[in-house]
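Commentary on secondary and tertiary structure
Residues per chain are reported as follows:
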Amino acid sequence: MDMRTVILGISAYFHDSAAALVIDGKISAAVQEERFSRIKHDTSFPAGAIKYVLSEAGLQMEDVDLVVFYEKPFLKFERLLETYHAFAPKGIRSFLKAIPVWIKQKLFLKRTITNELLELGELNAKMLFGEHHLSHAASAFFPSPFQKAAILTIDGVGEWASASIGIGEGNLIKMLKELHFPHSVGLLYSAFTYYCGFRVNSGEYKLMGLAPYASDDVTVDKLTEIIKEHLVDIREDGSIILNMHYFNYATGLRMTSDKKWTSLFGFSPRKPESEITEAYINMAKAAQIIVEEIVLKLAKTAKELTQCDHLVMAGGVALNCVANGKLYEQRLFKDIWIQPAAGDAGGALGAALTASYMYCEGKREPTKPDNMQSSYLGPSFTDKEITNTLEKFQVVYLRLSDEELLDQTANALTKGKVFGWFQGRMEFGPRALGNRSILADPRNAEMQKKLNLKIKFREGFRPFAPSVLAEQAHKIFDISWPSPYMLTTCKVSSELYHKVSSATTMKERLYQIRSKIPAVTHMDYSARVQTVSQDTNPKFYALISRFYKLTGTPLLINTSFNVRGEPMVCTPEDALRCFFHTDMDVLVLGNFICEKPVQPEETKELLGAAETVSD
């Protein structure tokens, strides 16, 4: 008789909707809804994601014992009402826009979710609602390799909390301290994201990537002083008080009070897609400095409160890999583990794990490197499914053995070819980790430009990450910790540096050759590293090893398999569509390899016109 406990976790209705399935404490599957809907950061009910996670386990909706939503809507509504009341009469336009939506939909979320689930099958499950930051905390602690750890979660806002410190031990989590809305590290960073012309809740990583281009330290220092004097009071424990005179997000329809920021900084908000001038580059650097200071102080407080040797992190700010790198360098903790799906998508997983361990009192058994299965928790496709897709779109292909595939791919990479690399189960979270990746040669000085402008169709300043053989990482980078999820930055080894001349414009700085691996060396000689081990992804490891044997360079460029404005590819058809509408040279689907025909118009027509959406 089957007595297992099946728990479905859901996040939805804000951004990055997702579903996760946990069976007897083990993560079975987890995926963002955007991968099925093809709408980036999709907020809708994750029907596609739920169908997948159930099918992966061979289950139906009726087999689910518990459904857990990642936050408490009534607490969120309480925060909304109290905020509008505190700022009244300011915010009436926002109030009139938001409240009807809440009354009609979000306030009765249990009914809404139940009706959505009934569309997927018979529903026998009990429904629970977890707190937003507890879901984040659970997503960080329960899959981690630690029996006991300090927990730090930082994001925009959940119900009331915008940052929290807790402690996890065994199968329990205890929250110790919280920072409350409207004072928020995540929303502060998002305000700068908005002011620099990027989209809030998706463009924060662009702000982080832009920061190293700042070359005027005096101006950056001055901006940092202005921010601390007028916008944010940073306390010694890492808590902050924002001067809401300058912010509009609490009750308004924009992040900042634009006229007040313009008066304070001397320049107006950048219009999206317009030229990025030095003013915004310097602002990005100042904002990054501020956030790093806050994160380090919060981590110190977590250490003092818990006296733990280990730290785990989640929440959107935990995706700031530059701040994470600085935190690793401080050596406050013996080890740090960061949830690879640290944003709201990971909240679905955390909600399910909270129910598994704290509600059902399941036994937790931490293992190394962790219990996330390397974040390969999404769909995979059989050879038959791949060949059906290739033949449907009349693509000429070869099926190769593992050895042939690795040899041909590694050789072609050394000749400057760019590969779409589609293998196994899709990654859960925002990073491509070698299963839905675009790969290229990091030694090629032209590759950053080619990848950004002709393949990804995105801003030229955006950096690319290296995936490096784990045992070789310390020889190429100043790194002494594992980074399997591409969530920390470190410096390229100084032995690989090239001297650069002084440059005045951003374009001049952008294309200077800084090291022997120029395509993955950022402006400040940093890189966002993924360490690849044979145990976690043997095929990707073997490919990098072949490239290493041919070139003496034990790493490849690894960027997500998508173009700007689209989610990472999920299916073979997604991969083909992306391949044929970019300048990628070769596509590998499992052990099938195909190149573009000389005249691919017929295939393009079959696949449909590419839609590139600005983000």
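Note that this is a predicted model, so its numbers are computed, not measured. (Residues numbered from 1 in each chain as written. Predicted model: local features only at pLDDT ≥ 70, side-chain atom pairs only at ≥ 80, totals over all residues. Heavy atoms only, no water.)

1. Considering the overall build of the chain
What counts here: A helix here means a DSSP run of H or I that spans at least four residues, while a strand means a run of E at least two residues long, and both kinds are numbered starting from the N terminus. It is over C-alpha atoms that the radius of gyration is taken, and the globule rule equals 2.2 Å times the number of residues to the power 0.38. Buried means the residue's accessible area, taken with a 1.4 Å probe over protein chains only, is under 20% of the maximum for its type, while exposed means over 50%, and partly exposed covers the values in between. By the convention used here, residues are in contact when the closest approach between their heavy atoms is within 4.5 Å. All accessible-area figures derive from a Shrake-Rupley calculation using a 1.4 Å probe, and residue coverage is judged against the displayed protein chains alone. All tallies of charge rest on Lys and Arg as positive and Asp and Glu as negative; His and the ends of each chain are not included. A charge is said to be at NZ when it belongs to Lys, at CZ for Arg, at CG for Asp and at CD for Glu.
When its secondary structure is counted, the chain shows 21 helices and 21 strands. The C-alpha radius of gyration of the chain comes to 24 Å, within 12% of the 25 Å expected for a compact globule of 615 residues. When the backbone C-alpha atoms are referred to their principal axes, the chain occupies close to 70 × 65 × 50 Å. Looking at the chain as a whole, 60% of its 615 residues are labelled buried. In the chain, once contacts between residues fewer than 6 apart in sequence are set aside, the share between residues at least 24 apart is 72%. A total accessible area of about 25100 Å² is found for the chain, and carbon and sulfur atoms account for 52% of it. Here the chain contributes 70 positive and 72 negative side-chain charges, whose respective centroids are spaced 4 Å apart.

2. Side note on the side chain of D574
Note the following rule: Contacts described as polar in this section are N or O atom pairs within 3.5 Å, which, within protein, must combine one atom able to donate a hydrogen with one able to accept it, while residues neighboring in sequence count only if both atoms come from side chains.
Structurally, the position occupied by D574 is in helix α20 (residues 572-580). A relative accessible area of 12% means that D574 is categorised as buried. Here the side chain of D574 touches C570 through a polar contact of 3.1 Å, landing on its backbone nitrogen.

3. Digging into the sheet that holds strand β19 (residues 555-560)
The following threshold applies: We treat two strands as partners when DSSP finds at least two bridges between them. Simply put, an axis is a line fit to the C-alpha atoms, just over the touching stretch for a helix, and the angle between two N-to-C directions goes from 0 to 180 degrees.
An order of β13-β21-β20-β14-β15-β19-β16-β18-β17 is seen for the nine strands of this open sheet, with the pairing classed as mixed. Every other strand in the sheet has two partners, leaving β13 (398-399) and β17 (488-491) as the edge strands with one partner each. Bridge count for β17 against strand β18 (residues 526-532) is four bridges, and the pairing is antiparallel. For T488, the partnering residue across the bridge sits in β18 and is V529. Those strands touched by helix α14 (residues 383-392) are β13, β20 (586-589) and β21 (592-595), and its axis lies near 20° from that of β21.

4. Regarding the pattern of salt bridges
The following threshold applies: For this document, the term salt bridge refers to a Lys or Arg side-chain nitrogen within 4 Å of an Asp or Glu carboxyl oxygen.
Counted under the stated rule, the structure contains 25 salt bridges. Salt-bridge contacts for E459 lead to K206; the nearest nitrogen and oxygen are separated by 3.2 Å. Here the residue E459 occupies a position in the loop between α16 (447-455) and β16 (465-469), and K206 occupies one in helix α8 (residues 204-210), the gap between them amounting to 253 residues. Assessed through its relative accessible area of 14%, E459 is described here as buried. A single network of salt bridges, built from pairs that share partners, joins K206, E273, E459, R462 and R564.

5. With respect to the packing of aromatic side chains
So the rule is basically this: Note on aromatic contacts: the rings of Phe and Tyr and the six-membered ring of Trp form a pair at centre separations within 6.5 Å, being stacked when their planes are under 30 degrees apart, edge-to-face when over 60 apart, and tilted otherwise. Two thresholds decide whether a charge sits over a ring: the Lys NZ or Arg CZ must be within 6 Å of the ring centre and within 35 degrees of the ring normal.
Evaluated as defined, the whole model comprises 23 aromatic pairs. In textbook terms, an aromatic cluster arises when at least three aromatic residues are bridged by ring pairs, as seen for F181, F192, Y195, F247, Y249, W261, F265, F267 and Y280. Across from the ring centre of F141, 4.1 Å away, lies the NZ or CZ of R364, which sits over that ring.

6. Describing helix α5 (residues 109-118)
So the rule is basically this: Directions pointing from the helix axis toward each C-beta atom define the arc.
Burial in α5 covers these residues: L109, I113 and L117. Within α5, the buried residues cover an arc of 70° as seen down the axis, which keeps them to one side.

7. Remarks on the packing of helix α15 (residues 402-414) against helix α19 (residues 538-551)
As a reminder, the rule being used: Angles below 35 degrees are treated as roughly parallel, those above 145 as roughly antiparallel, those between 65 and 115 as roughly perpendicular, and all remaining angles as oblique. Should the near helix be turned counterclockwise from the far one by less than a right angle, the crossing is left-handed, whereas a clockwise turn marks it as right-handed. When residue character is reported, Ala, Val, Leu, Ile, Met, Phe, Trp, Tyr, Cys and Pro are called nonpolar, Asp, Glu, Lys and Arg charged, and the others, Gly included, polar.
Running from amino to carboxyl end, α15 crosses α19 at an angle of 50°, the nearest separation of the two axes being 9 Å. One element, α15, and the other, α19, form an angle in the oblique class. Note on packing geometry: the crossing formed by α15 with α19 is right-handed. Contacts between α15 and α19 involve D402, E403, L405, L406, D407, T409, A410, N411, L413 and T414 from the former and K539, A542, L543, R546, F547, L550 and T551 from the latter. When grouped by side-chain class, the residues that make up the contact of α15 with α19 number eight nonpolar, four polar and five charged.

8. Focus: a negative patch on the surface
Test applied: In this analysis, a patch consists of residues with relative accessible area above 30% that form no salt bridge, clustered at 9 Å for like charges and at 5 Å for the nonpolar side chains Val, Leu, Ile, Met, Phe, Trp and Tyr.
A contiguous patch of negative charge on the surface is contributed by D216, D217, D221, E225 and E229. Along the chain, E229 turns up in helix α9 (residues 217-231). Residue class for E229 comes out exposed when judged on its relative accessible area of 63%.

9. Observations concerning the nonpolar core
How we decide: Among buried residues, the Ala, Val, Leu, Ile, Met, Phe, Trp, Tyr and Cys ones that are joined through side-chain atoms within 4.5 Å form a nonpolar core.
L8, F265 and F477 are the most contacted members of the largest nonpolar core, which totals 185 residues. Here L8 is in contact with A19, A20, L21, I50, V53, M61, V64, L66, V67, V68, L117 and A352, once residues within four sequence places are set aside. The next biggest cluster of nonpolar side chains, apart from the first, holds 20 residues, and it includes L400, A410, V586 and V588.

10. Quick look at unusual backbone geometry
Of note, the bond from F181 into P182 is cis; its omega dihedral lies within 30 degrees of zero at 10°. When you line up the elements, P182 lands in the loop between β8 (172-180) and α7 (185-195). K368 connects to P369 through a cis peptide bond whose omega is 5°. Within the secondary structure, P369 sits in the loop between α13 (344-359) and α14.

11. Examining the confidence of the model for the chain
Stated formally: The pLDDT value expresses, per residue, how confident the predictor is, ranging between 0 and 100.
Looking at the chain as a whole, its pLDDT mean stands at 91, while 91% of the residues score no less than 70. Across residues 609-615 the pLDDT falls below 50, and counting only partners more than four positions away or on other chains, this stretch makes 16 contacts in the model.

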